[in-house]
Structure formats: structure tokens, C-alpha cells
Amino acid sequence: MQNNIDTTNTVNGKPIYYLVNVSNITLNSASNAGAIYCINCQNMSIKDQVLQNNSQSIALFNTSDSRFDSNILSNNAVGIILFNSDNNTVLNNIVVNNIIGIGIVKSTDNYLSNNVANSNIVGFDVHESTNTELNNNTANFNKDNGITLSSSIQNKVNGNIANHNGGGIKLFNCSNSLLNNNIANSNRYAGIDLGSSRDNILTDNIANSNREHGFELAGSDNNTLRGNIENSDMDHLPDDSPNRTSKNETKDQDIENKSFIDSTISAILSWIYPNNSPDNDSNNSINNFLDNISDDSINVYVHPGDSIQQAIDNSSSGDIIAVHPGLYKENLVVDESLIIISKPREQTETIIQAADPEKDIFHVVADNVTISGFNVTGTDKSGICYTGSGGIIAGNKLLSDRYGIYLKKAENITIENNNASQNGCGICLTDSSRNKLVNNEVSYNWFKWGKYRNGILLKNSNNNKLTSNNVSRNWDGIRLENSSNNELSKNAVIDDYFCISLRDSNNNKLLDNNVKSIGYSFEITLGKSHNNTLRGNSAGFMTEVKVSSGPESTNNTLEGKQHIRR
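Residues numbered from 1 in each chain as written. Predicted model: local features only at pLDDT ≥ 70, side-chain atom pairs only at ≥ 80, totals over all residues. Heavy atoms only, no water.

**A short note on the confidence of the model for the chain**
Here is the rule: Confidence of the predictor at the level of single residues is captured by pLDDT, which takes values from 0 to 100. The contact criterion used is simple: two residues touch if any of their non-hydrogen atoms lie within 4.5 Å.
Looking at the chain, the pLDDT average stands at 85 and 84% of residues meet or exceed 70. Here residues 232-246 scores under 50 on pLDDT; set against residues more than four positions off or in separate chains, the count is 32 contacts. Below pLDDT 50 for its whole length, residues 251-285 participates in 68 contacts with residues either more than four positions away or in separate chains.

Printed below as a string of C-alpha cells:
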């Protein structure tokens, strides 16, 4: 690794930074780097880089005490690789369409948090490393595993999301590690897979709707599993299997280990993917409309390197704009009726990152605008801010924004099948009415923006319908403030600190929701709220929903297994 390579060498027309035996250097976007290598370095800061088409875009060898923040890395063999490098911090990076998103090899005491590794072959790959911490990262839609640890010990994997991968979280030949509060759902194989691993502790993880097993323990001994939710038996191997596991502590499963049936997860899943929801016809019509847009009907194509805003400005009302996959760094203003969609793709995402983080990424001030299929990230304002009527926001991923989706004085908007996670607030409606929120995934909206920590928030908003949304691991799951005549039905509001809260909100209907609080004693809170109807809500198998209602709340109707405490 002791080479002398200066910045006259380039990749993609940008200089290669090959830094050897240096310390205390910061490389930000002004460096215009094409690739960055740090060899025997200390206290480096690499941030706000956009790197692509490399073998390794950011490579460390024997480098320590450094920070890598808010970089975007795509179409590489490896986005970020740490080899024999200790005590480094990797934060807020986006790695997509690589073979390996972020790799850690023979390294110690590294910390990875709030990174997104989607649509790679493997999202995160940790090999022969010790004391690696992976906290609150997202690894979705990777071809193989979302998160892989092999031949590694004493690692902590907490609060990560690994959905829709080949496998969710995979440990092979690992020991003395802690897996806590992770979500690994809807993977093609196992949600969480321990192969030949021992002495690990798995607590409060969720592994549902995986095609094979929630938890796989082939050849793995002396592991402890408590408080997990899964979609099959913990130890599924037959008695005569040569890889039969042993001595794993899964006792008292019906008490400590919330089983798939007893926690009524099957009911939750039927609500997340309803066949007979009241909005099913409209859902199908929207999906069919978006899926059947033909090439002949598209008016404008946008390719990487083009400006989406220029395409918007040059379009006429009613035009369809199709954006090819890639990275676009823009803030967009939409002031006429347009359909703006990401052109269908297999693995590569269409990412729109804020050029100015103090502005909304999509700022819509027109009626009948459709926005669909984008990964929207990186603003201190809103990923999508809509002021108008009659629009569709569907199939988008909104991540690391203050507000994922923000409706302000908007009406008759359909918000469907979006993933609004790891924002300050996932979806917020202010002074907005007659909108529909259907089948959205809204989770982990709490840790970034202090007071902004709601999954779904309605303020001064009336006559809206929230149906079949999955709202989990937020501080406030669904909160209504001064909002009336709304209907919340068949939502799964699970493991939020406060699940459903009403404040100064009247005449709302809470119907057939599944609610389970984590931390707070009550699933539903009514504060100065009157004439609300709570019917058919469930907190799990044979468990009453606990409702907190003070004397200032009157004439509320409770039907079903719901117990009110004043």
C-alpha cells in the first residue's frame, strides 16, 4: 500500500486522493474527489463526497480515529472498505448499487450509524472484526444479505432495518455478540440467521413475513433469545438433523418470546397488506395507473447529469416526466400539474438529494401532481412538501429528512405505499383535509430532530383516512392535535413509546387497529378529546387495550377489549 499516487491521476475526470502517513485532514465536496484512499492515516474527515464507478470509492488501510459522514457511493465494487483500521466512525452515508456497500475487515472498535445500504449485492459486510457497532442503519433490497457478520466477535447490532433482501441479518461463525431491536422482515430466506455461531444474545428483534424462517439457528449453540417476534419456530430443524442446534435458551417462549400466533402478527400482516380494505379499489386503480404508463405516453426523459428542475420548467400541464435511475442533487419546485415518476428499474435507485438542505426537496404548489418511485433524502426541511389538491405520492422512500412527507393546506391527496423512516417526523398533515394515507411504512422517526419525533402527525386536520399503515418504533406513533372527524382503521401501531394519542381532537373513529406500546403504560391516550369512537382495537392475544382518559375527556365510546383508566 506504500505507493506514490498524486492527484494528477483521475477517475471520472476527478482527482484520486491517495493519502499516506498523513493526519488531521478534511476532504469535503470542494475537493471534487473521484476516489479516496487513506493509508496509515489518523484523524481524517471525509464528508459530502459523491463517488462512483470505482473498485473501492473510499478505502482505508491501517487508518484510525477518522470520520466518514454524508457521502453517497454508487456503482462500485465496494463503496467504503475499512481494512485493519480501528476507532473510526461511519455516519449518514448512502451506498447503493455496489457489490458490497460498506465492508469492515480485520478491524476493531468501529461505529456505523444511520447509514443506508440499499440495492447492493450485500449491504454491510463485517469480517474478522471485533467490537463493531451497527446502530440504526438501513439495509433493504440487497440481492444477498442486508447485514453480514462472519468470523467476528463482541459486536453490537442494534436498531437496524433489513427488509426485502435475500437474507436479512446473517451471522456466520460469530460469538459474544448482541442483536437488539432489529427489524428483518419480508426477506427471501431467513430474517435473522445464525450459522455455526454461539454465545450470542438476541433480544426484542422482529423477523416477520420472511419466506423461510424468522430465525435460523443451524449448528449454533448456547445462544440466548428473548422477547423476539418471528414467523416460525426458533429452532426449526428436525430432531434427526446433523446440524441440530443445542443449548440455546428459548425457554418460557410464550412469556418472554412473543410467538407469532400469540402476538397476532398474522392479523397485523393482513392489515399491512389488506385484500379487502375499504380503499382497495382505489389502491388498485393507482397502482395500475402507475404501472401501465407506456413509453409512448412519456413526454420528457431525464438522465443522470440532466436537471429535473429544467425538465419541470420546460413541461406543460399534464405532461409525464420519467427520471432514469441515478443520483440527482437538486431542490425541486413543482408549480403545475405533472406526473413525475422514476423510470422502472431492477436494482438501481433514483435518488434525489437536497442541493440546499435548508429547502424542501420536492416543493409542490400545484394541484394534481403525482410523485412516485424516488429515494428522497438529506434535507432539514421536507422530503416532499405538498400544498394543493388532488395529488398522488406513492412508492417513495423518504429518509433522513426533518419531515418525510408534509402536507400543508392540502386536500384529496393520496399517500400510498411510501417508506418514511428515520426522519424527524415521517408524515405530517397541517391544516389539511380529506386525504388518504394507505399502506405506508413509517418507522424509527424520532432520533434525529429532537422535538420532531412522530410517525404520523395530524395538526388542525380533519376528515382524513389512515388505513393499513405500519407505524413502528417511533416516539409518537400516530398523534392527532386539534384534529377531528378522522378515521384510523386497521393500522399496526407497534412498539412505539406512545402508540395513538389524541389531544383536543373530537369525533374521530379508531377502528380495528393493532396497538402495542413499548415503555408507556397505555396504548391510546385521550387528552381533552370528546365524542371519539374506539372499536375493535387489539393489543395482542387476549390482551386489553389500555386507554388513558382524564376527566377533561367526555362521551368517548369504547367497544371491544379496551379498558379505560382515568
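**Concerning the sheet that holds strand β38 (residues 392-394)**
To be explicit about the condition: Strands are labelled as partners when DSSP assigns at least two bridges between them. Strands here are runs of E lasting at least two residues and helices are runs of H or I lasting at least four, both read from the DSSP assignment and numbered beginning at the N terminus. Axes here mean lines fitted to C-alpha atoms, for a helix over just the part in contact, with angles spanning 0 to 180 degrees between N-to-C directions.
The 12 strands are arranged β28-β29-β32-β35-β38-β41-β44-β47-β50-β53-β56-β58 in an open sheet whose pairing can be described as parallel. For this open sheet the edge positions go to β28 (300-302) and β58 (557-559), each flanked by a neighbour on one side alone. Sheet twist, expressed as the mean angle between neighbouring strand axes with direction ignored, is 10°. Of the pairings in the sheet, the one linking strand β29 (residues 320-323) to strand β32 (residues 339-342) comprises four bridges and is parallel in character. Looking at β32, one finds that A322 is bridged to I341.

**Structural notes on the sheet that holds strand β21 (residues 178-180)**
Spatially, the 10 strands line up as an open sheet ordered β3-β5-β8-β11-β14-β17-β19-β21-β23-β26, and their pairing is parallel. Strands with a single pairing partner mark the edges of an open sheet, and in this sheet they are β3 (26-27) and β26 (224-226).

**A short note on the nonpolar core**
Selection rule: In these notes, a set of buried Ala, Val, Leu, Ile, Met, Phe, Trp, Tyr and Cys residues joined through side-chain atoms within 4.5 Å is what counts as a nonpolar core. Burial here depends on accessible area, computed with a 1.4 Å probe over protein chains only, as a share of the maximum for the residue type. Under 20% is buried, over 50% is exposed, and the range in between is partly exposed.
In terms of nonpolar packing, the biggest core is built from 54 residues, with I340, F362, L407, I427, I456, I478 and I500 touching the most fellow members. If you look at the next biggest cluster of nonpolar residues, it comprises 42 residues, including L51, A117, A162 and L171.

**Remarks on the packing of aromatic side chains**
Condition: By convention, a stacked pair of Phe, Tyr or Trp rings (six-membered ring in the case of Trp) has centres within 6.5 Å and planes under 30 degrees apart, an edge-to-face pair has planes over 60 apart, and any other such pair is tilted.
Evaluation of the coordinates by the stated rule reveals seven aromatic pairs. A centroid spacing of 5.7 Å and a plane angle of 50° characterise the contact between F362 and F374, whose relative ring orientation is tilted. Of this pair, F362 sits in strand β34 (residues 362-364) while F374 sits in the loop between β35 (370-372) and β36 (375-377), placing them 12 residues apart in sequence. Here the two residues F362 and F374 agree in accessibility, since each one is buried. With centroids separated by 6.0 Å and ring planes inclined at 75°, the aromatic side chains of W475 and F498 adopt a geometry described as edge-to-face. Residue W475 is found in the loop between β48 (470-472) and β49 (476-481), and its partner F498 is found in strand β52 (residues 498-503); the two are separated by 23 residues along the sequence. The exposure class of W475 is partly exposed, given its relative accessible area of 28%. In this structure F498 comes out as partly exposed when scored by relative accessible area, which is 21%.

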